[in-house]
Amino acid sequence: MAGAFEELVAEGESVPVAGWDFSWFEGRATEARPSWGYQRLMSERLGRAAAALDVQTGGGEVLAGAEAFPPTMVATESWPPNVAKATALLHPRGAVVVASPDEPPLPFGDAAFDLVTSRHPATVWWEEIARVLRPGGAYFAQHVGPASVFELVEFFLGPQPEEVRRARHPEDEARAAEAAGLRIAGLRTERLRMEFYDVGAVVHFLRKVIWIVPGFTVDAHRDRLRDLHERIVRDGPFVAHSARTLIEARKPS
């Protein structure tokens, strides 16, 4: 068992984490997808837009799945490896990728876009979204919801206080959007089952999705990783639940 543990951990630690391609997890972990189909709905809205911005695009994989881009298509990303990956993927389709930190201000003028999209942004700056939207424009996004994957969070970090569990609650996000002058046109939430079949998948996941266990390293968490490995071997897949919010907010005309 010790040899298997070290081998799995080393494998999870060695896999590149750039971009939002999760194909490596096939056969190692599963996550149910929201029923609404964000990429399809995003694509439909992009097809009707004249100028659109995708915020925190990652490696551009989700945006690249759209059938067509509007005449003006821009994406922002802060992490240099993702900027390079998104540029290679999106430039051939005419989209401009802008390296920009995940903090205000967005590097665009007022009322520059009639559509702003984002999938799983780490932060949402509602005032900036409202500023860059044209009157009548919309923000359409899929957010990570409250207490997402908290079974894994609390396995490593212990019980979390209520304010941490409530972070990114859709009701709070709706109030923040409205405070910035936007009107909520749609709000849906779902909790979805996840399964991790081996500790290597957990290592790769925590390296890739860095906000789940902030500051995660194998060395700092080796004891808990070993406990998790033994639990999976004994009891089967580690089960967690992700939270997802679909939100559409409009700027009054």
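The coordinates are above.
Residues numbered from 1 in each chain as written. Predicted model: local features only at pLDDT ≥ 70, side-chain atom pairs only at ≥ 80, totals over all residues. Heavy atoms only, no water.

## Regarding the overall build of the chain
Note the threshold: Numbered from the N terminus, helices here are DSSP runs of H or I no shorter than four residues, and strands are runs of E no shorter than two. Radius of gyration: C-alpha atoms only; globule rule: 2.2 Å multiplied by the number of residues to the exponent 0.38. Throughout, exposure labels follow a simple rule: accessible area from a 1.4 Å probe, protein chains only, divided by the maximum for the residue type, with under 20% read as buried, over 50% as exposed, and the rest as partly exposed. Note on contacts: a residue pair is in contact if any heavy atoms of the two residues lie within 4.5 Å. Areas reported here follow the Shrake-Rupley algorithm with a probe of radius 1.4 Å; residue values treat only the protein chains shown as occluding. The positive count covers Lys and Arg only, the negative count covers Asp and Glu only, and His and the chain ends enter neither. In plain terms, the charge of a residue is placed at NZ if it is Lys, CZ if Arg, CG if Asp and CD if Glu.
A tally of regular secondary structure across the chain gives ten helices and eight strands. The C-alpha radius of gyration of the chain comes to 19 Å, within 12% of the 18 Å expected for a compact globule of 253 residues. Viewed in the frame of its principal axes, the chain has a C-alpha envelope of about 60 × 40 × 30 Å. Across the 253 residues that make up the chain, the buried fraction comes to 48%. Sequence separation of at least 24 residues holds for 69% of the intrachain contacts in the chain that already meet a minimum separation of 6. Within the structure as shown, the chain displays about 11,700 Å² of accessible surface, and the carbon and sulfur contribution to it stands at 54%. Here the chain carries 28 positive and 35 negative side-chain charges, and the mean point of each set is 5 Å from the other.

## Regarding the packing of helix 9 (residues 199-208) against helix 10 (residues 222-235)
Rule in force here: Under this scheme, a helix contributes an axis fitted over its contacting stretch, all axes are lines through C-alpha atoms, and angles between N-to-C directions fall in the 0 to 180 degree range. Put simply, angles under 35 degrees are roughly parallel, angles over 145 are roughly antiparallel, angles from 65 to 115 are roughly perpendicular, and the rest are oblique. Here the term charged refers only to Asp, Glu, Lys and Arg, the term nonpolar to Ala, Val, Leu, Ile, Met, Phe, Trp, Tyr, Cys and Pro, and the term polar to all other amino acids, Gly among them.
Two elements in contact, helix 9 and helix 10, have axes separated by 9 Å at closest approach and are oriented at 135°. Taken together, the axes of helix 9 and helix 10 lie oblique to each other. The residues of helix 10 that touch helix 9, namely those facing Val199, Val202 and Val203, are Leu225, Leu228, His229 and Ile232. Classifying every residue of the contact of helix 9 with helix 10 by side-chain character gives six nonpolar, one polar and no charged.

## Observations regarding the sheet that holds strand 1 (residues 29-31)
Condition: The rule for pairing is simple: two strands pair if DSSP sees at least two bridges between them.
Spatially, 1-7-8-6-5-2-3-4 is the arrangement adopted by the eight strands of the open sheet, whose pairing is mixed. Strands with a single pairing partner mark the edges of an open sheet, and in this sheet they are strand 1 and strand 4 (96-99). Across this sheet, the average inter-strand angle for adjacent strands is 15°, counted without regard to direction. Of the strands in this sheet, strand 7 (183-196) and strand 8 (238-250) touch helix 6 (residues 150-157), which is tilted by about 125° from strand 8.

## Some remarks on the pattern of salt bridges
Cut-off, in case you're wondering: Any Lys or Arg side-chain nitrogen found within 4 Å of a carboxyl oxygen on Asp or Glu counts as a salt bridge.
According to the stated counting rule, one finds 21 salt bridges in the structure shown. The closest approach of N and O atoms between Glu6 and Arg222, which form a salt bridge, is 3.1 Å. Remark: Arg222 occurs in helix 10 and Glu6 occurs in helix 1 (residues 2-14); sequence separation between them is 216 residues. We note a salt bridge from Asp110 to Arg131, for which the minimum N-O separation is 2.9 Å. Separated by 21 residues along the polypeptide, Asp110 in the loop between strand 4 and strand 5 (113-119) and Arg131 in helix 5 (residues 126-132) bring together distant segments of the chain. What you see here is one network of salt bridges that share partners, running through Glu6, Asp219, Arg222 and Arg226.

## Describing the nonpolar core
Condition: Within this scheme, the nonpolar core is defined by two criteria: the residues are buried Ala, Val, Leu, Ile, Met, Phe, Trp, Tyr or Cys, and they are joined through side-chain atoms within 4.5 Å.
By size, the foremost hydrophobic cluster in this structure holds 30 residues, and its most contacted members are Leu152, Phe156, Phe196, Phe205 and Leu206. Of all elements in the fold, only helix 1, helix 6, strand 7, helix 9, helix 10 and strand 8 reach the threshold of two or more residues within this core. The leading source of residues in this core is helix 9, at six residues. For Leu206, the contacting residues outside a window of four places in its chain are Leu152, Phe156, Ile212, Val213 and Phe216.

## Let's talk about unusual backbone geometry
For the bond from Pro104 to Pro105, the omega torsion is 0°, close enough to zero to count as cis. Phi at Ala147 takes a positive value of approximately 55°, unusual for a residue other than glycine. In this structure, Ala147 sits in the loop between strand 6 (133-144) and helix 6. A positive phi angle, close to 55°, is found at Val149, a residue other than glycine. Structurally, Val149 is set in the loop between strand 6 and helix 6. The class for Val149 is buried, based on a relative accessible area of 2%.

Worth remembering: the numbers are spatial, not functional.
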